[in-house]
Amino acid sequence: QEMAGLVADVELERCDGSKVSGSSLKDCPLIALYFSAHWCPPCQAFTPILKDLYDGVNDGGALKKMEVIFISSDESQEAMHSYMKEAHADWLTVPFGHPLRNEMKRKYGICAGKEQSEVGVTTRVNGIPSLLICKPDGTQVSLEGVEEAQDGPPAYKKWLAAVSA
């Protein structure tokens, strides 16, 4: 199923609580799914790197050149929201109680080890933090986003070239 289709009917949220229709992502050239949690120290270390990249690439523009969708492995909505307010850029998240949150974990095989059986991920491809780079249609471009994002803006150029290929 296409990424645009997966999130089309979902009201995604920004840090400030504003709602964004998932269908609006169809015009964004690059989607990054960020699997992460507040309680995870490697996630806490990576989030500021991703925030800098996201803010740098989008440069405050209304039309996003790259959109991040946060797929939380936090244990409560409160923990997720405090993590977002404390450390995240103004990217999107799947609402805590929405079934799509676990559906994405199952679809891509990415989750925290301690939630694997509860979420129903049969084959775990990756743990958290994971940054999965996708085309707007959901085609995976890179599963190495966490490592690649360390390069800053050149990572975005590399992903965009892969998306356009």
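Shown above is the structure to which this text applies.
Not measured: the values here are computed from a predicted model.

Draft legend 1. Main features of helix α2 (residues 41–58). Taking 1.5 Å per residue, 18 residues should reach 26 Å; α2 reaches 26 Å between its end C-alpha atoms and fits that length. If you look at α2, its biggest bend is around 25°, right at Thr47, and the proline Pro48 turns up within four residues after that. Buried residues of α2: Cys43, Phe46, Thr47, Leu50, Leu53, Tyr54, Val57 and Asn58, and no others. Asp59 sits one or two residues past α2 and shows a positive phi near 50°.

Draft legend 2. Spotlight on unusual backbone geometry. A cis amide bond links Ile128 to the next residue, Pro129, at an omega of 0°. Residue position: Pro129 is located in the loop between α5 (116–119) and β6 (130–134).

Draft legend 3. Main features of the nonpolar core. Ranked by internal contacts, the top residues of the largest apolar core, which has 52 residues, are Tyr34, Ile69 and Leu131. Mapped by element, the contributors of at least two residues to this core are α1 (3–8), β3 (31–36), α2, β4 (67–72), α3 (77–87), α4 (100–108), β6 and α7 (153–164). Considering every element that reaches this core, the biggest residue donor is α2, with six residues. The contacts of Leu131, once residues within four sequence positions are left out, are Ala32, Leu33, Tyr34, Phe46, Leu50, Ser142, Leu143, Glu144, Gly145, Val146, Ala149 and Trp159.

What counts and how
Throughout this description, residue numbers start from 1 for each chain and increase along the sequence as written. In keeping with the predicted nature of the model, local features appear solely for residues at pLDDT of at least 70, side-chain atom pairs appear and are counted solely at 80 or more, and the whole-chain, interface and lining totals rest on all residues. Only hydrogens and water are removed before side-chain values are computed, so all heavy atoms of the structure are retained for them. Counting from the N terminus, the helices are the DSSP runs of H or I reaching at least four residues and the strands are the DSSP runs of E reaching at least two. Working rule for helices: expected span equals 1.5 Å times residues minus one. For a residue, the bend is simply the angle between two axes, fitted respectively to the seven-residue segment ending there and the seven-residue segment starting there. Buried residues are those whose accessible area, probed at 1.4 Å on protein chains only, stays under 20% of the maximum for their type, while exposed residues exceed 50% and partly exposed ones sit between those limits. In plain words, nonpolar cores are sets of buried Ala, Val, Leu, Ile, Met, Phe, Trp, Tyr and Cys residues tied together by side-chain atoms within 4.5 Å. We call two residues contacting when some pair of their heavy atoms lies within 4.5 Å.

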